[in-house]
Amino acid sequence: MESPETPRGDIRDRLQTDRPHSARVWNYLLGGKDNYPVDSEVGEAILTTFPEFAAVARLQRRFLARAVRFLVGEAGIRQFLDIGTGLPTADNTHELAQRIAPESRIVYVDNDPLVLVHAEALLTSSPEGACAYVDADVRDPERILAEAAKTLDFSRPVALTMLGIMGQVSDADRPAELVRALLAGLPSGSYLALSDGTNSNEALNRAVLAYNQQSANTYHLRAPEEIASYFDGLDLVEPGVVPTVSWRPETDGGTADAPDVSVAGVALKK
């Protein structure tokens, strides 16, 4: 396996190559090469405990594609704030959006230094639109909104996308309040698209426990009802908060291999 390119000085100082990181483990599960041996080792351990986990990773990407196509095509959204974007792969948010509407503007947010290096190199906008990256933590919504406002026009609707990110926030950090704080900074007509893992599968619970014992950042599975509460006060788009595989399924690569271990929804802020 190839190792990721060496980041520049200040970024390199923040890397923790002796412990797995969620973005790099996810990259391994998706078949990427932007990870270190410690990440692939944990990825293999997860697959040993829960072999369907790679299918979960693919399922999240397919939901992203379906949600973005809905938001651009049906809802008319032209601005995206993508938090917890992870390492760039095929069909990133800006590629999906700008394929339909080249004038779309996208701001990516992540706090993994390796993601920053790759984002700067790979996330290139169409000439008509814009694509920017914010190095920030989801626990700092004020900074995220202030930095995003340099690229996005907050007098116009924005789609806030949060896939697999709130599970990385502990209960002590009050994840629902963070979602509300981010939405409070967006105008009426904006949308939230969110998907996260649930605690309803015992094998997945064991796999995540094994991951948390080794990782630099822990993951927190939650009940479907708790994840659904992130949409409180919004108007849910049909079919509501449902298993991720069931949110407006299309012929988008197949879902037969996808276990029912996460939920997803899209909702409008009036």
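Small disclaimer: the values here were computed from a predicted structure and weren't measured.

Quick look at unusual backbone geometry now. Negative phi values dominate among residues other than glycine, just as trans dominates among peptide bonds. Backbone torsion omega between Glu 238 and Pro 239 reads 15 degrees, so that peptide bond is classified as cis. Positionally, Pro 239 belongs in the loop between strand S6 (235-236) and strand S7 (242-243). With phi around 55 degrees, Arg 174 is a residue other than glycine that occupies positive phi space. Positive phi outside glycine occurs at Arg 248, with the angle close to 45 degrees. By the secondary structure assignment, Arg 248 is in the loop between S7 and strand S8 (262-268). Its relative accessible area of 27% is what places Arg 248 among the partly exposed residues.

A few words now on the pairing of strand S2 (residues 105-110). The buried fraction of S2 amounts to five of the six residues, a majority that puts the element mostly inside the structure. Examined bridge by bridge, strand S1 (residues 79-83) and S2 share five bridges and lie parallel to one another. Directly across from Asp 82, in S2, lies its bridge partner Tyr 108. Looking at chain direction, S2 and strand S3 (residues 130-135) are connected through six bridges and run parallel. When the sheet's bridge partners are listed, Arg 105 is paired in S3 with Ala 130.

Thresholds applied
Residues numbered from 1 in each chain as written. Predicted model: local features only at pLDDT ≥ 70, side-chain atom pairs only at ≥ 80, totals over all residues. Heavy atoms only, no water. Helix = DSSP H or I, 4+ residues; strand = E, 2+ residues; numbered from the N terminus. Buried < 20%, exposed > 50% of the residue type's maximum accessible area, 1.4 Å probe, protein only. Pairing = 2+ DSSP bridges.

Geometric descriptors of this kind do not, in isolation, establish any biological role.
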